[in-house]
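# Structure at a glance
Okay, here's what each chain looks like letter by letter:
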Amino acid sequence: MQRVLVIDKNKQPLMPCHPARARELLHKGKAAVYRTFPFTIILKEREGGDTQPMAFKIDPGSKTTGMALGADFKRGKRVIWAGELTHRGQQIRDALLSRRQLRRSRRARHTRYRQARFDNRRRPEGWLPPSLHSRVENIWTWACRLNRSAPLVSVSLELVKFDTQALQNAEVSGVEYQQGELMGYEVREYLLEKWQRQCAYCNAKDLPLQVEHINPKLRGGSNRVSNLTLACHDCNQEKGTQTAAEFGFPEIQKLAKVPLKDAAAVNATRWALYARLQLSGLPVEVGTGGRTKFNRAQQGYPKTHWLDAACVGESGEKVYITSSDTPLLVKATGHGSRQMGRTDKYGFPSRYRLRQKRHFGFQTGDMVKAIVPAGKYLGTHSGRVACRATGSFDIITATGKVTVSHRYTKVTHHADGYTYKKGQGAIPPHA
Ligand SMILES: [Zn+2]
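Counting starts from 1 at the beginning of each chain's written sequence and moves along it residue by residue. Two thresholds apply to this predicted model, a pLDDT of at least 70 for residue-level local features and 80 or more for giving and counting side-chain atom pairs, whereas whole-chain, interface and lining totals are computed over all residues. The side-chain numbers reported here are obtained from all heavy atoms of the structure, hydrogens and water having been left aside.

### Here we look at the coordination of the zinc ion
- In the first shell of the zinc ion, the protein supplies C199 (SG), C202 (SG), C232 (SG) and C235 (SG), at 2.2 to 2.3 Å from the metal.
- Note: metal donors comprise N, O and S atoms at 2.8 Å or less from the metal (3.2 Å for Na, K and Ca); water molecules are not included, so apparent gaps in a site are possible. Irregular is the label for any site that misses the other tests, which are tetrahedral for four donors with all angles between 85 and 135 degrees, and square planar for four donors or octahedral for six when opposite donors exceed 155 degrees and the remaining angles lie between 65 and 115. If you look at the zinc ion, its four donor atoms make angles of 103 to 116 degrees with each other, and the shape they trace is tetrahedral.

Laid out in structure tokens, this is it:
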């Protein structure tokens, strides 16, 4: 069960509690709701209390980042809160592209002469494209938020795809790998990167790939990484006991001898995040993608972002989850646009936005709950609101869009650049 975050009357984090306990405290008036997402209560009288060390675990992804709060219990780590953070990289890219196109067309009109300036941009050290930068900022925002309401003592981050240290000389000296062992997972991640995640023989993508011996084991081929490649099931079967050259791919043997540069394991965004997280002052444990997969597979957990986060690093070896553990789905939406004049598809100004952002005490992006007593949209709706000056609001709910009056609507969480939804459990209830 997703625990409820608790802070004391001085807003210092305490140990998260069970939802039933939170309900009891709220019912007795000993606590108040401090924040809806993530659900946090504030105790009215209590000051300080015993806390156990908790870790914030992160599996950064290009579209979605898994987050988990793990606490040490007697049997190992227990996930007490989990979330999945969806980034808005594509949205940012599209917005910048549209801005660039508008400006370009304006310049191309040649309505006035201005001296060309194109050599006046300098990128600072460690610059990241805005779409990637937003990922780092999103995760940092959540690290700070959770740090304020949970007694965090450490951060675990999946920093690289595979262990470069262990594989550094693997091409030369060789590693004995075995399926199902940690090294096997590291090797697999390495090979995926080296062979661009596709079958070396037919270039098929997005299907299960098998680790394949270029010179087959039967013919004396070794387990060295320089003798391994990835093949789809069909190619692997077809190749059988032939060498790659005999199979008609002499270049594969040559390509396999070229070691992958260290840089391939490194992802600029993750390093930027790593540098940023170190500013938090908390110790940052780092893990590899190979290790995450190994930990998850060993424990038989399905592949979800939040479970990957829970399994990051050495501390992810023993993680307990239950069927009632569900993640909070968080989606970055940004804080709206500054554009006052909206254009039609030809770039012609067609409509204008009001300077005023708040209407009837609501703002686009607020999470709201509406109880509609009658009419087409009779019932209770909750979701993200889009406001109109007329007072007729649109609410994006889990099932679709409804249009309701502001009179039936109540804010549950003020706009903070994210929307929230309850996620599904990872393992079926009977398991
Ligand atoms: Zn193939």
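### Some remarks on the sheet that holds strand β4 (residues 40-43)
- Taking strand neighbours across the sheet as the criterion, the four strands line up as β2-β1-β4-β3 in an open arrangement whose pairing is mixed. Every other strand in the sheet has two partners, leaving β2 (13-17) and β3 (31-35) as the edge strands with one partner each. For this sheet the average axis-to-axis angle between neighbouring strands, irrespective of direction, equals 35 degrees.
- Its contacts with the sheet put helix α3 (residues 130-149) on β1 (4-7), β2, β3 and β4, and the angle it makes with β1 is roughly 60 degrees. Note on pairing: DSSP must find at least two bridges between two strands before they are called paired. A run of DSSP states H or I qualifies as a helix once it reaches four residues; a run of E qualifies as a strand once it reaches two. Both are numbered from the N-terminal end. Note on definitions: angles span 0 to 180 degrees between N-to-C directions of axes, and those axes are lines fitted to C-alpha atoms, for helices only across the stretch in contact. Contact between two residues is taken to exist if any of their heavy atoms lie within 4.5 Å; hydrogens are not considered.

### Regarding the packing of aromatic side chains
- Two rings from Phe, Tyr or Trp (for Trp, the six-membered ring) form a pair when their centres are within 6.5 Å of each other. A pair whose planes differ by under 30 degrees is stacked, one over 60 is edge-to-face, and the rest are tilted. Under the defined criterion, the tally for this structure stands at eleven aromatic pairs.
- Taking the centre distance of 5.3 Å and the plane angle of 80 degrees together, the rings of Y201 and F247 count as edge-to-face. Of the two residues, Y201 is situated in the loop between α6 (182-194) and β9 (209-213) and F247 in the loop between α7 (233-239) and α8 (250-257); the sequence distance between them amounts to 46 residues.
- What makes Y201 buried here is its relative accessible area of 7%.
- Burial classification: accessible surface area is computed with a 1.4 Å probe over protein chains only, and a residue below 20% of its type maximum counts as buried, one above 50% as exposed, and the rest as partly exposed. On the basis of relative accessibility, which here comes to 16%, the residue F247 falls in the buried class.
- Ring geometry for F247 and F249: centres 5.6 Å apart, planes at 40 degrees, overall tilted.
- Each member of the aromatic cluster is reached from another via a ring pair, and the members are F37, W81, W142, Y418 and Y420.
- To sit over a ring, a charge needs its Lys NZ or Arg CZ within 6 Å of the ring centre and within 35 degrees of the ring normal. Over the aromatic face of W142 sits the side chain of R145, whose NZ or CZ is 4.9 Å from the ring centroid.
- The ring of Y408 has R407 lying over it, and the distance from NZ or CZ to the ring centre is 5.6 Å.

### Some thoughts on the packing of α3 against helix α9 (residues 268-278)
- Running from N to C, α3 and α9 point in directions that differ by 35 degrees, and their axes come no closer than 9 Å. Where α3 crosses over α9, the two elements pack in a sense that is right-handed. Between α3, through L132, R135, V136, E137, I139, W140 and A143, and α9, the contact on the second element is made entirely by T269, A272, L273, R276 and L277.
- Residues of the contact of α3 with α9, tallied by class, amount to eight nonpolar, one polar and three charged. In this scheme the crossing of two helices becomes right-handed for a clockwise turn of the near helix relative to the far one and left-handed for an anticlockwise turn of less than a right angle. Amino acid classes used here: Ala, Val, Leu, Ile, Met, Phe, Trp, Tyr, Cys and Pro are nonpolar; Asp, Glu, Lys and Arg are charged; the rest, including Gly, are polar.

### A look at the side chain of Q2
- Secondary-structure assignment places Q2 in the segment before β1.
- Owing to a relative accessible area of 18%, Q2 belongs among the buried residues under this scheme.
- Among the polar contacts listed, one links the side chain of Q2 to the backbone oxygen of A82, at a separation of 3.0 Å.
- Polar contact criterion, stated in full: a pair of N or O atoms within 3.5 Å, where within protein one must be able to donate a hydrogen and the other to accept it, and residues adjacent in sequence count only if both atoms are side-chain atoms. Among the polar contacts listed, one links the side chain of Q2 to the backbone oxygen of T326, at a separation of 3.4 Å.
- Those residues in contact with Q2 that lie beyond four places of it in its chain are P19, I80, W81, A82, S324, D325, T326, P327 and L328.

### Section: the sheet that holds strand β22 (residues 409-413)
- Spatially, five strands are ordered β21-β20-β19-β18-β22 in an open sheet, and the strand pairing comes out antiparallel. Unpaired on one side and paired on the other, β21 (401-405) and β22 mark the two borders of the sheet. On average, each strand axis in the sheet is inclined to that of its neighbour by 45 degrees, with strand direction left out of account.
- Bridging between strand β18 (residues 367-372) and β22 involves four bridges; their strand directions are antiparallel. Counterpart to K369 in the pairing with β22 is K410.

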